[in-house]
Amino acid sequence: DTSTFNLVLKAHIRTADGAAAEATLASLVQEGLEPDIVTYNTVMEASCRSWGNAGLVRVQELHTELLEAGLKPDAHTFAVLIRSAGFLRDAAWLGKVLRELDDSDVVPNKPVSDHAVHALV
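First, a word on what this report is: a plain description of the structure on this page. (Residues numbered from 1 in each chain as written. Predicted model: local features only at pLDDT ≥ 70, side-chain atom pairs only at ≥ 80, totals over all residues. Heavy atoms only, no water.)

### Notes on unusual backbone geometry
Of note in this structure, Ala-16 is not a glycine but carries a positive phi near 50°. With respect to the helices, strands and loops of the structure, Ala-16 is situated in the loop between helix H1 (2–14) and helix H2 (18–30). (Helix = DSSP H or I, 4+ residues; strand = E, 2+ residues; numbered from the N terminus.)

What follows is the structure, encoded as structure tokens:
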């Protein structure tokens, strides 16, 4: 089930292996399973940690995919998105993410707030 794939994906975060995370996501879909918010968050986190700017751009693509799948971003989603904006030094992306956060029902937690501060510095 999806939760089993999510456990495998979490291992890819620890090793900063975005390619393996992408392969695991592809396997999940090939098995006929639907990625959930944890799946997307975990692949975004692995991408953010592993591929430099290419990984950060992939975070943006995955964000679009999760929205198109009808999933609602949670605090972890916003933390990864804000961190990616800071790494890219992309003020437009940061503004978009912060507006989306403001329009959502997610209450920013400490990691979200910390990443927002660091993205602006």
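Alright, that's what it looks like, and here's the rest.
### What to know about the packing of helix H5 (residues 75–88) against helix H6 (residues 91–103)
One can describe the packing of H5 onto H6 by two numbers: an axis separation of 8 Å at closest approach and a directional angle of 160°. Our classification of the angle between H5 and H6 gives roughly antiparallel. For the crossing formed where H5 meets H6, the hand is left-handed. Counting all contacts with H5, which are made through Phe-78, Leu-81, Ile-82, Ser-84 and Ala-85, the residues of H6 involved are Trp-93, Leu-94, Val-97, Leu-98, Glu-100 and Leu-101. Here the contact of H5 with H6 is built from residues that sort into nine nonpolar, one polar and one charged. (Axes fitted to C-alpha atoms, helices over the stretch in contact; angles between N-to-C directions. Parallel < 35°, antiparallel > 145°, perpendicular 65-115°, else oblique. Left-handed = near helix turned anticlockwise from the far one by under 90°. Contact = heavy atoms within 4.5 Å. Nonpolar A, V, L, I, M, F, W, Y, C, P; charged D, E, K, R; others polar.)

### Description of the environment of Glu-34
Looking at the secondary structure, you find Glu-34 in the loop between H2 and helix H3 (37–50). The exposed category is assigned to Glu-34, whose relative accessible area is 62%. Sequence separation between Glu-34 and Ala-69 is 35 residues, and the spatial gap between their C-alpha atoms is 9.1 Å. Those residues in contact with Glu-34 that lie beyond four places of it in its chain are Thr-2 and Leu-28. (Buried < 20%, exposed > 50% of the residue type's maximum accessible area, 1.4 Å probe, protein only.)

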